[in-house]
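Okay, here's what each chain looks like letter by letter:
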Amino acid sequence: MRRRVLNHVEPGSGWSNYICCQGQFGGCCCIQPGSLGESTCPVPCMCLEACCCPGAAVSASTNVIRQKYSLGLDEDDVRLIRCNNCLFFLSAGLSCVAMITDCEAD
């Protein structure tokens, strides 16, 4: 999907404009978008991005289209973003609870 978005914004560009999460989200420590090998092997980087952080990948694609056409957010977009954020934090919280509890299913 990201390739289609990139080629929609700049036709014929292929993977040349791909950056991890399109640089929409800042880096962390030594992980900085644009310096993770995207220029030499964009397809494996995109697959890794989609598997590890699919929410951020989808948000980056929608943000690229929004910026291209100067689109804002409507109420439904805001609801979807809030739902996505709540599910993410719920998942992260439950993962933390699972790490600190010693509960095994029988």
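Quick note: structure is the one above.
So, a few notes on the structure that sits alongside this text. Chains are numbered independently. Their residues run from 1 in the order of the written sequence. Selection of residues for local features in this predicted model requires a pLDDT of at least 70, selection of side-chain atom pairs for listing and counting requires 80 or more, and totals for whole chains, interfaces and linings are taken over all residues. To obtain the side-chain values, all non-hydrogen atoms of the structure were included, while hydrogens and water were left out.

A separate point is the pattern of salt bridges. Each salt bridge in this description consists of a side-chain nitrogen of Lys or Arg and a carboxyl oxygen of Asp or Glu lying within 4 Å of one another. According to the stated counting rule, one finds 4 salt bridges in the structure shown. Where glutamate 75 meets arginine 79, a salt bridge forms, and the shortest distance between an N and an O atom there is 3.3 Å. Of this pair, glutamate 75 and arginine 79 both sit in helix 4 (residues 75-100), 4 residues apart, roughly one helical turn. Each member of the salt-bridge network shares a partner with another, and the members are Glu75, Asp76 and Arg79. Helix numbering and strand numbering both begin at the N terminus, where a helix is a DSSP run of H or I of at least 4 residues and a strand a DSSP run of E of at least 2.

Turning to helix 1 (residues 2-9), its buried residues are Arg2, Val5, Leu6 and Asn7. Contacts between residues were defined by any pair of non-hydrogen atoms, one from each residue, lying within 4.5 Å. Taken together, the buried residues of helix 1 touch helix 2 (42-52) and helix 3 (54-68). Three labels apply to residues, based on accessible area from a 1.4 Å probe with only protein chains included: buried if under 20% of the type maximum, exposed if over 50%, partly exposed otherwise in between.

Another aspect to go through is helix 3. Taking 1.5 Å of rise per residue, the 15 residues of helix 3 would be expected to cover 21 Å, and the 21 Å separating its terminal C-alpha atoms lies within 8% of that figure. All buried positions along helix 3 are accounted for by Ala57, Ala60, Ser61, Val64 and Arg66. Buried-residue contacts for helix 3 involve helix 1, helix 2 and helix 4. Just past helix 3, the residue serine 70 takes up positive phi, approximately 50°. Multiplying 1.5 Å by the helix residue count minus one yields the expected span of that helix.

A word on the packing of helix 1 against helix 3. To get an axis, fit a line to the C-alpha atoms, keeping to the stretch in contact for a helix; angles then go from 0 to 180 degrees between the N-to-C directions. Contact geometry of helix 1 with helix 3 gives a least axis separation of 10 Å together with a crossing angle of 15°. Classified by the angle their axes make, helix 1 and helix 3 are roughly parallel. Crossing geometry of helix 1 relative to helix 3 is assigned as left-handed. On the side of helix 1, the interface is formed by Arg2, Val5, His8 and Val9, while helix 3 contributes Ala57, Ala60, Ser61, Val64, Ile65 and Lys68. When the residues that make up the contact of helix 1 with helix 3 are grouped by side-chain class, the tally is 6 nonpolar, 2 polar and 2 charged. Angle categories are assigned with fixed cut-offs, so that under 35 degrees is roughly parallel, over 145 is roughly antiparallel, 65 to 115 is roughly perpendicular, and the rest are oblique. By convention, the crossing between two helices is left-handed when the near helix turns anticlockwise from the far helix through less than a right angle, and right-handed when the turn is clockwise. Asp, Glu, Lys and Arg are counted as charged, while Ala, Val, Leu, Ile, Met, Phe, Trp, Tyr, Cys and Pro are counted as nonpolar; the rest, among them Gly, fall into the polar class.

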